[in-house]
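Residue-level listing of the chains:
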Amino acid sequence: MKSLVIFSSQTNNTRKLAEAVAMELDAEMVPVDQAEDLAGYDRIALGFWFKGGGPDPATQEFLPKLAGKTVFFFATHGASANSSHAKNGLDKAGELAVGAVIAGSFSCPGEVSAKVQATVAEKNPKAPWLPDAPAAAGHPDANDIALLRQAIRTAFPRSHP
Ligand SMILES: Cc1cc2nc3c(=O)[nH]c(=O)nc-3n(C[C@H](O)[C@H](O)[C@H](O)COP(=O)(O)O)c2cc1C
């Protein structure tokens, strides 16, 4: 069972998760815009950040390429963990990954700069995740990473010879 970690990250929150997943799976990690040849990989862990309540645009474009693969999603967002906003965004990723088998998923808050919060508040003051964004400061933290590692171990168990 060969695994690959693919991620999209602008401000490194999701990258931190990708590094933990790569370590846990003993797998290579590659940015989503450089992920080309998936042949030879049975399991793909795909990480993304939330934009517009779903996966970021580069990830949205990539998701249909996962057909036939067993997939684990991990994501960061300004919304709080286990919010319906977070759940709906993960569901959107699943809908776009037509023909993939979703083995599991994990998401947690990711710090949103004050500048981004101010820009979003101006453009889209009713963004449902905005009230949660200040509490995302300092995330992902060690506890988020520990929960992620647990989730990936459950979804992609180590095969024993
Ligand atoms: C333009 C923009 C739009 C965003 N839209 C959302 C959103 O719809 N929902 C949400 O929960 N967080 C949203 N966020 C917050 C980011 O998803 C969050 O900070 C994430 O951790 C960034 O990940 P990264 O550091 O890997 O780029 C947005 C951030 C930016 C910059």
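The element strand β5 (residues 70–77) is extensively covered by neighbouring structure, given that seven of its eight residues are classed as buried. With seven bridges connecting them, strand β3 (residues 43–51) and β5 associate as parallel partners. The residue bridging Phe48 from the neighbouring strand is Ala75, located in β5. Both β5 and strand β6 (residues 101–109) contribute to a ladder of eight bridges, which runs parallel. Note that in β6 the partner of Thr70 across the bridge is Val101. Traced from β5 through helix α3 (residues 84–96) to β6, the parallel crossover comes out right-handed.

Moving on, we get to the site of the ligand. Around the ligand, 21 residues are found, and the nearest of them are Asn13, Thr14, Trp49, His77 and Gly110. At the level of elements, α1 (13–25), β3 and β5 are the ones that each hand at least two residues to the shell around the ligand.

A cis geometry characterises the amide bond from His139 onward to Pro140, with omega recorded as 0°. Within the secondary structure layout, Pro140 lies in the loop between α4 (114–123) and α5 (142–155). Within the chain, Asp26 stands out as a residue other than glycine whose phi angle is a positive 55°. Of note, Asp26 is situated in the loop between α1 and β2 (28–31). Owing to 8 C-beta atoms within 10 Å, Asp26 belongs among the exposed residues under this scheme. Backbone geometry places Asn82, a non-glycine residue, at a positive phi of 65°. On the secondary structure map, Asn82 appears in the loop between β5 and α3. For Asn82, a count of 10 C-beta atoms within 10 Å corresponds to the exposed category.

Bringing α3 into the picture now. Owing to its 3.6 residues per turn, the α-helix aligns residues three or four sequence positions apart on the same side. With 13 residues, α3 should reach 18 Å at 1.5 Å per residue; the first-to-last C-alpha distance of 18 Å fits that figure. Close packing links the buried residues of α3 with β3, β4 (54–55), β5 and β6.

Moving on, we come to the nonpolar core. Formed by 41 residues in total, the largest nonpolar core has its most connected members in Val5, Val21, Ala45 and Phe74. When contributions to this core are tallied by element, the ones reaching two or more residues are β1 (3–7), α1, β3, β5, α3 and α5. Ranked by residue count, the leading element in this core is β3, at six residues. In contact with Ala45, other than residues within four places in its own chain, are Ser3, Val5, Val21, Leu25, Phe72, Phe74 and Ile152.

On to the environment of Arg43. You can see Arg43 is positioned in strand β3. A sequence separation of ten residues divides Arg43 from Asp33, and the C-alpha atoms of the two residues are 18 Å apart. Apart from residues lying up to four places away in sequence, Arg43 is in contact with Met1, Ser3, Thr70 and Phe156.

Now for the packing of α1 against α5. Relative orientation of the contacting elements α1 and α5 amounts to 45°, with a least axis distance of 10 Å. The angle between α1 and α5 falls in the class oblique. α1 and α5 meet at a crossing whose hand is right-handed. Residue-level inspection shows Leu17, Ala20, Val21, Glu24 and Leu25 of α1 in contact with α5, the latter providing Ile145, Leu148, Arg149, Ile152 and Arg153.

Definitions and cut-offs
Residues numbered from 1 in each chain as written. Predicted model: local features only at pLDDT ≥ 70, side-chain atom pairs only at ≥ 80, totals over all residues. Buried ≥ 20, exposed ≤ 12 C-beta atoms within 10 Å, placed from the backbone. Helix = DSSP H or I, 4+ residues; strand = E, 2+ residues; numbered from the N terminus. Pairing = 2+ DSSP bridges. Right-handed = clockwise from strand over helix to strand, strands pointing away. Near = placed C-beta within 6 Å. Expected span 1.5 Å × (residues − 1). Contact = placed C-beta atoms within 7 Å. Core = buried A, V, L, I, M, F, W, Y, C linked by C-beta atoms within 7 Å. Axes fitted to C-alpha atoms, helices over the stretch in contact; angles between N-to-C directions. Parallel < 35°, antiparallel > 145°, perpendicular 65-115°, else oblique. Left-handed = near helix turned anticlockwise from the far one by under 90°.

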